[in-house]
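As a plain string of letters, each chain reads:
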Amino acid sequence: MIEVFVKVSAGVLITAILSLVIAGQSKDISLLLTIFVCCISLLSVASYLKPVLDLAQKLVDIGNLNNGYLQILFKVVGIGLISQVSGLICQDSGNQTLVKVLQIVTTMVLLCMCMPLLEEILMLVQKILGEL
């Protein structure tokens, strides 16, 4: 994993330098290069999430939890990561308005996605309070 991290870091640094050089001639190509390297970098480390997914599944099994909640959790994390990278790319392209709108939309989507979890927590609290 460290080897992949070093390779990705080197690729990102080289891309940053190339992007600065290319930006003087073509900002569009520079932006596309940045987007491409971001996607490749994220895809190259995606396989390392399998142990995390396996552990999360064990926790769901041990705790006798609804598997749907685990899916929600990982979707929320994925949306947050995609939003963050997208926002940084928009910021690099000089469009702060898109960054702010993306942040607002992400917050709204994540809040809606978390509603089943919040409802479950509320029911659990009501159950605990009812038993006291």
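Along each chain, residues carry numbers from 1 onward, in the same order as the chain's sequence is written. Selection of residues for local features in this predicted model requires a pLDDT of at least 70, selection of side-chain atom pairs for listing and counting requires 80 or more, and totals for whole chains, interfaces and linings are taken over all residues. Only hydrogens and water are removed before side-chain values are computed, so all heavy atoms of the structure are retained for them.

### A few points about the overall build of the protein chain
The cut-off we apply is this: Per the convention used, a helix needs a DSSP run of H or I reaching at least four residues, while a strand needs a run of E reaching at least two, with both numbered from the N terminus. Our radius of gyration looks at C-alpha atoms and nothing else; its globule reference is 2.2 Å times the residue count to the power 0.38. Relative accessibility thresholds used throughout: buried, under 20% of the residue-type maximum; exposed, over 50%; partly exposed, between the two (1.4 Å probe, protein chains only). Residue burial considers only the protein chains on display, and all accessible areas are found by Shrake-Rupley using a 1.4 Å probe.
On a plain count of helices and strands, the protein chain comes out with 5 helices and 0 strands. Its helices and strands taken in sequence order, the protein chain reads α-α-α-α-α from the N to the C terminus. For 132 residues, the compact-globule formula gives about 14 Å, and the C-alpha radius of gyration of the protein chain, at 20 Å, lies well above that figure. Within the protein chain, buried positions represent 15% of all 132 residues. Summing over all exposed atoms, the protein chain offers an accessible surface of approximately 10,200 Å²; the carbon and sulfur share of this is 74%.

### Regarding the side chain of Thr34
The condition is simple: Should any heavy atoms of two residues lie within 4.5 Å, those residues are considered in contact.
Summarising the element assignment, Thr34 is placed in helix α2 (residues 27-46). Beyond its immediate stretch of four places on either side in the chain, Thr34 contacts Thr15 and Ser19.

### Concerning the packing of helix α4 (residues 67-92) against helix α5 (residues 96-131)
Applied cut-off: Axis definition: a line fitted to C-alpha atoms, over the contacting stretch in the case of helices. Angles run 0 to 180 degrees between N-to-C directions. Comment on the angle field: the value is read as roughly parallel under 35 degrees, roughly antiparallel over 145, roughly perpendicular from 65 to 115, and oblique elsewhere. Charged means Asp, Glu, Lys or Arg here, nonpolar means Ala, Val, Leu, Ile, Met, Phe, Trp, Tyr, Cys or Pro, and polar covers whatever is left, Gly included.
Axis separation between α4 and α5 bottoms out at 9 Å; the angle between their running directions is 175°. Relative to α5, the element α4 lies roughly antiparallel. Residues Tyr69, Ile72, Lys75, Val76, Ile79, Ser83, Ser86, Gly87, Cys90 and Gln91 of α4 form the contact with α5, whose own contacting residues are Gln96, Leu98, Val99, Leu102, Thr106, Val109, Leu110, Met113, Cys114, Pro116, Leu117 and Glu120. When its residues are assigned to classes, the contact of α4 with α5 shows 14 nonpolar, 6 polar and 2 charged.

### Topic: a nonpolar patch on the surface
Spelled out, the test is: Patches here: salt-bridge-free residues with over 30% relative accessible area, like charges joined within 9 Å, nonpolar side chains (Val, Leu, Ile, Met, Phe, Trp, Tyr) joined within 5 Å. Whenever Lys or Arg places a side-chain nitrogen within 4 Å of a carboxyl oxygen from Asp or Glu, that contact is recorded as a salt bridge.
A cluster of nonpolar side chains, Leu111, Met115, Leu118, Ile121, Val125 and Leu129, forms an exposed patch at the surface whose accessible area comes to about 550 Å². Among the structural elements, Ile121 can be located in helix α5.

### A few points about the confidence of the model for the protein chain
Note the cut-off: What pLDDT conveys is the predictor's confidence in a given residue, as a value from 0 to 100.
Taken as a whole, the protein chain shows an average pLDDT of 88; of its residues, 99% reach a score of 70 or greater. Here helix α3 (residues 50-62) stands out as the element of the protein chain with the lowest mean pLDDT, 85, in contrast to α5, whose mean of 90 is the highest.

### Observations concerning the pattern of salt bridges
Side chains that differ in charge, positive against negative, can pair when their charged atoms come close. Counted under the stated rule, the structure contains 2 salt bridges. Here Asp54 makes a salt bridge to Lys50, at a shortest N to O gap of 3.2 Å. Highlighted residues: Asp54 and Lys50, both in helix α3, separated by 4 residues, approximately one helical turn. On the basis of relative accessible area, Asp54 is assigned to the partly exposed category, the value being 36%.

### Observations concerning α3
Heads up, the rule is: The span one expects for a helix is its residue count, reduced by one, times 1.5 Å.
Along its 13 residues, α3 runs 18 Å from first to last C-alpha, staying within 8% of the 18 Å computed at 1.5 Å per residue. With its phi angle positive at about 55°, Asn64 sits one or two positions after the end of α3.

### What about the side chain of Ser30?
Along the chain, Ser30 turns up in helix α2. Excluding residues that lie within four positions of it along the chain, Ser30 makes contacts with Ser19, Ile22 and Ala23.

### Some points on α2
The test is simple: The arc in question is the one traced by the directions running from the helix axis out to the C-beta atoms.
End to end, α2 covers 29 Å across 20 residues, agreeing with the expected 28 Å (1.5 Å per residue, within 8%). Regarding α2, the residues found buried are Ser30, Thr34, Val37 and Ser41. Seen end-on, α2 carries its buried residues on one side only, within an arc spanning 70°. Opposite the packed face of α2, turned more than 90 degrees from it, sit the exposed residues Asp28, Leu32, Phe36 and Leu43.

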